[in-house]
Amino acid sequence: MTPIFLRPTVRPFLILVGVVLLLAAIDAGNGRILTVATAYSALQSFSTFALVALGLGLTMLIGEFDLSIAGVFGLAGCVALTTGAENAEIGLLCAVGVGAAFGLLQGLVITSLDLGSVPVTLGGLLTASGLSYVITHNQAISSDNLDLATTINDQIAGVFSIRSLVVLAIFAACAIVFAATRLGRDLVAVGSDRKAAIIAGVEVKKLVLGAFTFSGVMAALSGSMLSYGLASASPSGLSDVLVPSAAAAILGGVSLSGGTGTPFGVAAGALTLTMLRSGLNAVAAPPFAHDLATGLILLAVAVSDAPYLMRRMTFLGSRFRRTLE
Amino acid sequence: MSIEQPASQSWLQIRAHFGGLARTRMATTRAVVLVALLIWAALTPSFLSAPSLTALLTTASVIGCLSAGMTFITISGNVMSFALGATAASSAMVFLLLLNAAGLIAALIGALLFGAALTGFQGLIVGWIRANPIIVSIAANVLIYGAFTWLTGNESVNADANASHSLLKTAIGGVPIEFLIFITAIVLGQIVLSYTVFGRNLLLVGSGLPAAEAVGLPITPIVFGAYCCAGFLSALSGILLAIRYNQANMSFAVHYDYDAIAAVLVGGTPIQGGDGSMIRTLVGVGAISIIQVVLLLYGFEEQWRYFATGLIVLLVIILYSGRRV
């Protein structure tokens, strides 16, 4: 029996509390790190990738992996700015439509041809990223709609903004659907044991299709909101979103082998990362410190999620005891 | 009794036409496409001129060494690495730093060992505790970028004016020396794969990890070895870049990971591993570089190359890859 603090439903929140306590301890009452401004900036960076992590986490929950999110994220930003020059709503619709189409098509290929999701979404990632280079002519593009940029980033009640409120609302809706409907249990069933789920009458193909479409939509929504918020978009910048999203999902208790994870867990994982980043910002750490910190965290969670970790540790432990005797 | 949900029949027939059932037919399709590509290239104005061919050979050599490295990882059943480009760029920097400080021989040995160790370490994590290879490589990519931006202050490393690497810049009988190095790497790689115990074991591990484990193959050293070879060859491609440009920086090998996996897959090494050869990768590198040069000659800019690479990878995966990884 796993101890309660190691269970994937509990662990993410304990890690989050630990990180907040750590920051408080470093801060030591100087009011540099744990401030309203930090909370606002943490929520802002939370809203850039938390939804991507949610979509990726959903595909991981059912035992797949969506690499294409990084490409769709960038593509959606470029689509939103190019098509939304006159009317931002139309741009957002186009971007989300592109994301949904990408996710749906990949889902169709995966389910109808019975292919692995990593290769297919690798192709999707390269195609989406190539497409965003094509529509931007290999340059960073910018929009002159700065009003929109300030509106969606304006502080509401000190710590929130329209962007972060949208993200939090989606998380809440997903958490309710996941906890209270049959859909949630079906998803867990697909991820735990696909064959058993098929026998039990779960419509696995539809769920896989839905998960990839959802993941595409989430990536596109975050990408276009970020581009509107910055009033600019660039076709490059792959690792900027894939690394924190994967780290947040695994930190949030979603296992790469499928079957575990909840929306709130993913939110806690994403918050943990953003708290760390804001902490680094507050102490004025240089930009590479972010890369090193997120990279190390991703490596650490990859190791902690590795299927043979416990076996190897037990082996090392017993060998160690033998040498002692 | 199979309880998999059946894929739709028409799709299965299309896939049966291209892959799986008829390997000869698959090889024929590939050969026809390649011949068509060659004819198209030959008909392109000024493709058969000396400057264009030299450019083709040097481009192919740099991407080729990296692709040869990627082939080891793909064959080992670990799909691909997102960190080989970063390894190449960082090894190029190590090469130039050592070249300025200690001379050519020390620089060559140092950079190659550095690349092998860097990637070998990832192989150790993947092989020993079976951590997810994709996640580990994404984390490694960020860590390498972060660390080298930190160490070099985000500046290029330049070769001293009196550095002794110019003898590697010559051409022998009109063929750039880079290309000879690349061909040597391919031949040696193929010898390792076909005629050594390690190579045969690697193919076994890639085609079925549980079976390889059941017959008692040492999985960890084999995966470690494959990653070391991959890192060694990536460092080689970084060295070629450093020699050509007399300088190195971290933006050198962006997109090389994608070109490399495209070359491996186009050549006919399946993405699920367990099969493949350096000769196939050589063919794939030829195809990818010809496409690049021809697109360039027709006046298409870089973004179309990215898009074409993406589409090709997606197409090859859909048509040729086997059932789920």
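Think of each chain on its own: its residues are numbered from 1, step by step along the sequence as written. Think of it this way: whatever chain is written first is A, whatever ligand is written first is 1, and the rest follow in order. Predicted model: local features are reported for residues with pLDDT of at least 70 only, side-chain atom pairs are reported and counted for 80 or more only, and whole-chain, interface and lining totals are derived from all residues. Excluded from the side-chain calculation are hydrogens and water; included are all heavy atoms of the structure.

A. Up close: the interface of chain A and chain B. Listed per partner, the contact involves 56 residues of chain A and 52 residues of chain B. Accessible surface is computed with a 1.4 Å probe, and the buried area is the amount of it that two parts give up when combined, taken over both parts together. Buried surface at the junction of chain A and chain B, both sides included, amounts to about 4,800 Å², of which 75% is carbon and sulfur. In what follows, salt bridge is the name for a side-chain nitrogen of Lys or Arg lying within 4 Å of a carboxyl oxygen of Asp or Glu. Applying the counting criterion to the chain A and chain B interface returns zero salt bridges. Contacts described as polar in this section are N or O atom pairs within 3.5 Å, which, within protein, must combine one atom able to donate a hydrogen with one able to accept it, while residues neighboring in sequence count only if both atoms come from side chains. Counting across the interface, chain A meets chain B through seven residue pairs in polar contact (both at pLDDT 80 or more). Each helix corresponds to a stretch of at least 4 residues labelled H or I by DSSP, and each strand to a stretch of at least 2 residues labelled E; elements are numbered beginning at the N terminus. If you list the elements that add at least two residues to the side of chain A that touches chain B, you get α4 (88–113), α5 (117–135), α9 (194–199), α10 (204–230), α11 (239–251), α13 (287–304) and α14 (309–324) of chain A. Here the side of chain A that touches chain B takes 14 residues from α5 of chain A, the largest share from any one element. Every residue pair with non-hydrogen atoms within 4.5 Å of one another is taken to be in contact.

B. Quick look at the packing of aromatic side chains. For Phe, Tyr and Trp, rings pair up if their centres lie within 6.5 Å, where Trp contributes its six-membered ring, and each pair is then called stacked (planes under 30 degrees apart), edge-to-face (over 60) or tilted (otherwise). Considering all chains together, one arrives at nine aromatic pairs over all chains under this definition. With a centroid separation of 4.4 Å and 55 degrees between ring planes, the pair formed by Y133 of chain A and Y306 of chain B is classed as tilted. Here the residue Y133 of chain A occupies a position in helix α5, and Y306 of chain B occupies one in helix α13 (residues 302–320), the pair thus bridging two chains. The buried label goes to any residue with under 20% of its type's maximum accessible area, the exposed label to any with over 50%, and the partly exposed label to all in between, with areas taken from a 1.4 Å probe on protein chains only. Exposure remark for Y133 of chain A: the relative accessible area of 7% places this residue in the buried category.

C. Region of interest: helix α7 (residues 162–180) of chain A. Residues and elements named next belong to chain A. In this model α7 runs 27 Å from its N-terminal to its C-terminal C-alpha over 19 residues, within 8% of the 27 Å that 1.5 Å per residue would give. Buried within α7 we find R163, S164, V167, I170, F171, C174, A175 and F178. One side of α7 holds all its buried residues, which, seen down the axis, span an arc of 135 degrees. Exposed and facing more than 90 degrees away from the buried side of α7 are I176 and A180. Multiplying 1.5 Å by the helix residue count minus one yields the expected span of that helix. An arc is given here, and it is the one of the directions from the helix axis to the C-beta atoms.

D. Molecular detail of the nonpolar core. Membership of the largest hydrophobic core comes to 189 residues, with the highest contact counts inside it found for L67, F171 and L298 of chain A together with F82 and F95 of chain B. If you tally residues by element for this core, the top one is helix α10 (residues 219–245) of chain B, at 14 residues. Each residue touching F171 of chain A, except ones within four places of it in the same chain, is listed here: F46, A50, L51, L54, P263, V266 and A267 of chain A. Put simply, buried Ala, Val, Leu, Ile, Met, Phe, Trp, Tyr and Cys residues joined by side-chain atoms within 4.5 Å make one nonpolar core. Membership of the second largest hydrophobic core comes to six residues, among which are L16, V19, A268 and M275 of chain A.

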